[in-house]
Amino acid sequence: MRCDVVVVGAGPGGSMAAKTAAEKGLRVVLMEKRQEIGDPVRCAEGVSKARLSSMIKPDPKWIAAEVRGARLYAPDGSSIVMSEDKSGDEVGYVLERKIFDRALAMEAARAGAKVMVKTRALDLLKVDGSVRGVRAMRYGEIIDIEADVVIGADGVESKVGRWAGIDTSLKPGDIEVCAQFLLYDKSIDDEYCEFFLGNELAPGGYVWSFPKGENLANVGLGVIGSRSEPGAPVKLLRRFVERRMPEARIVEMVVGGVPVSGPIERTIADGVLLVGDAARQSDPITGGGILNAMQAGIMAGEVVADAVSSGDTSVEGLMVYEKRWRESIGKQISRHLDLKEFFIKLSDEDLNNLMHSIQSEDVSKMDLRGMLRVLIRLNPKMLWELRHLVM
Amino acid sequence: MITVNRYVCGYCGACVGVCPVCALELVETWIEVSDGCIECGRCVKLCPTGALSLEEAQR
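Residues numbered from 1 in each chain as written. Chains lettered and ligands numbered in written order. Predicted model: local features only at pLDDT ≥ 70, side-chain atom pairs only at ≥ 80, totals over all residues. Heavy atoms only, no water.

1. Brief notes about the interface of chain B and chain A
Across the boundary between the two partners, chain B contributes 25 residues, which contact 34 residues of chain A. Together chain B and chain A conceal approximately 2200 Å² of surface at their shared face, both sides included; 57% is due to carbon and sulfur atoms. Summed over the three residues of chain B that lose the most area to chain A, namely B:E28, B:K45 and B:P48, the buried surface amounts to 27% of that side. In this structure, the connection of chain B to chain A is made through three salt bridges. Here B:E25 makes a salt bridge to A:K159, at a shortest N to O gap of 2.8 Å. Between chain B and chain A we count 16 residue pairs in polar contact (both at pLDDT 80 or more) in total. When contributions to the side of chain B that touches chain A are tallied by element, the ones reaching two or more residues are α1 (14–18), β2 (24–27) and α2 (42–46) of chain B. Residue composition of the side of chain B that touches chain A, grouped by class: 16 nonpolar, five polar and four charged. (Contact = heavy atoms within 4.5 Å. Buried area = accessible area lost by both parts, 1.4 Å probe. Salt bridge = Lys/Arg side-chain N within 4 Å of Asp/Glu carboxyl O. Polar contact = N/O pair within 3.5 Å; in protein donor to acceptor, adjacent residues only side chain to side chain. Helix = DSSP H or I, 4+ residues; strand = E, 2+ residues; numbered from the N terminus. Nonpolar A, V, L, I, M, F, W, Y, C, P; charged D, E, K, R; others polar.)

2. Looking at the confidence of the model for chain B
Model confidence for chain B is summarised by a mean pLDDT of 93, while 95% of its residues fall at 70 or above. Here the prediction assigns the complex a pTM of 0.96, and the interface score ipTM is 0.95. (pLDDT = per-residue confidence, 0-100.)

3. Looking at unusual backbone geometry
Residues and elements named next belong to chain A. With an omega of -5°, the peptide bond between D39 and P40 qualifies as cis. By the element assignment, P40 lies in the loop between β2 (28–31) and β3 (46–48). Positive phi values are uncommon outside glycine, yet E45 reaches one of about 75°. Not every positive phi belongs to a glycine, and D128 is a case in point at roughly 50°.

4. So, the domain arrangement of chain A
Residue and element names in this part refer to chain A. Taken as a whole, chain A is organised into domain 1 (5–42 + 98–170 + 263–327), domain 2 (55–94 + 171–259) and domain 3 (339–389). Its C-alpha centre places domain 2 at a distance of 21 Å from the equivalent point of domain 3. Across the contact, 22 residues belong to domain 2 and 18 residues belong to domain 3. Carbon and sulfur atoms make up 60% of the surface buried where domain 2 meets domain 3, a total of about 1500 Å² over both sides. For the pair domain 2 and domain 3, the interface holds zero salt bridges. Summed over the shared surface of domain 2 and domain 3, the number is eight residue pairs in polar contact (both at pLDDT 80 or more). (Domains from an automatic or database assignment.)

5. Regarding the sheet that holds strand β15 (residues 207–213) of chain A
All names here are of chain A. With respect to topology, seven strands assemble into an open sheet ordered β6-β5-β14-β15-β16-β13-β17, the strand pairing being mixed. Two strands lie at the open edges of the sheet, namely β6 (79–83) and β17 (249–259), each paired on one side alone. In this sheet, adjacent strand axes meet at a mean angle of 20° when their direction is disregarded. Of the pairings in the sheet, the one linking strand β13 (residues 175–184) to strand β16 (residues 216–224) comprises nine bridges and is antiparallel in character. Opposite L182, over in β16, you have N218 as the bridge partner. (Pairing = 2+ DSSP bridges. Axes fitted to C-alpha atoms, helices over the stretch in contact; angles between N-to-C directions.)

6. What about the packing of aromatic side chains?
Residues and elements named next belong to chain A. By the definition in use, this model includes seven aromatic pairs over all chains. On the basis of an interplanar angle of 70° and a centroid distance of 4.8 Å, the ring pair of W62 and F100 is categorised as edge-to-face. Here the residue W62 occupies a position in the loop between α2 (49–53) and β4 (63–66), and F100 occupies one in helix α4 (residues 97–110), the gap between them amounting to 38 residues. Neither W62 nor F100 differs from the other in exposure class; each is buried. Judged by centre distance (5.9 Å) and plane angle (70°), the rings of Y206 and W208 are edge-to-face. For the pair Y206 and W208, a shared accessibility class is recorded, and that class is buried. Chaining the aromatic ring pairs together yields one cluster made of F195, Y206, W208 and F210. We note K49 situated over the ring of Y93; from NZ or CZ to the ring centre the distance is 5.7 Å. A cation sits over an aromatic face here: R387 above W384, 3.9 Å from the ring centre. (Phe/Tyr/Trp six-rings, centres within 6.5 Å; stacked < 30°, edge-to-face > 60°. Buried < 20%, exposed > 50% of the residue type's maximum accessible area, 1.4 Å probe, protein only. Lys NZ or Arg CZ within 6 Å of the ring centre and 35° of its normal.)

What follows is the structure, encoded as structure tokens:
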């Protein structure tokens, strides 16, 4: 089989890349190793309304809930509230990823991409050292798909980059290991996302609750890998739920790893681009990855279309992608990496003090950056090394 | 060698992402371990469900 570009992985990043490239007239194959796109979910499903809407028209079919804001709790229980329109970069819609991911793959299919499920990439095809497609296993049979470019959108467990000589392996401090329950409990507030901080609750991470309507919510947590131990996320989550909502009915359990390494050295090679979690483009502070992946996917699709039509799919031909994503989403990812490196070192006492310092301020109209600015003003000594982030 | 307790594994692929030598693979609902495994134990430590173990007896 022969095409212009093969996209490995039909998550939000891969599907947007495939859709964009197909709309530009390329022959596109979008392969997904699972037999069902979007399932099992490995995600808390929260996204910003405004950013999502700039890339795709919101459809009630895949929106589980809309939230009004977020509540942030310090270890001692003190809290602040952020309103949706300002904390909107972090919350807004809670999606139904099983439907959302399939809808995006369908957009790619409607644009002309050939979607292949139960098709797992085994290796890159190479001719004289340069990438010429993907060897894959489809329905148990080995097939070769020749292409000028391979887009690796193969998630946290990405292999495409490694096969192309890009070391994407995550060190323990570069990954948040997570567990999540979809649960029903009367205490769930359908209108607010909640975040709980604390080294006892979730070392180097946080506990989240993202409502999905009618007292249903994704309640989960992440632990920084360097401070985790075998099975810790599931154990800690069970403890949290047993203590805070002993009557909860758990109807689904998922686990996963979220890259929090910040930007990696490079995300392109001759004939290869990486997108989304595979490119470690998830946000190191929030762990959010959907929108960055979609935005990177669109950029990748556009750059690949130009590269294929100009006949230069080498590193030089793909360099525009590297530049474009670093100048857009990359800046925020870098800033948030610095924030994460600082915040995972804080003790519970530090976190409590920070929360108390800001409680008397009106933060309801601030975004994360505005809040940080106030925090630095109120705690100049403690947060001195973060001042460059708000300049 | 690394063994995977399939009754515990949540097939999330975190172990695959942290493997320094690309010795693991997530196939639908199970993890495959290849001969390239160097028994560093990183995947064992990071598994969210605690499904992986490094069998001492066979080292």
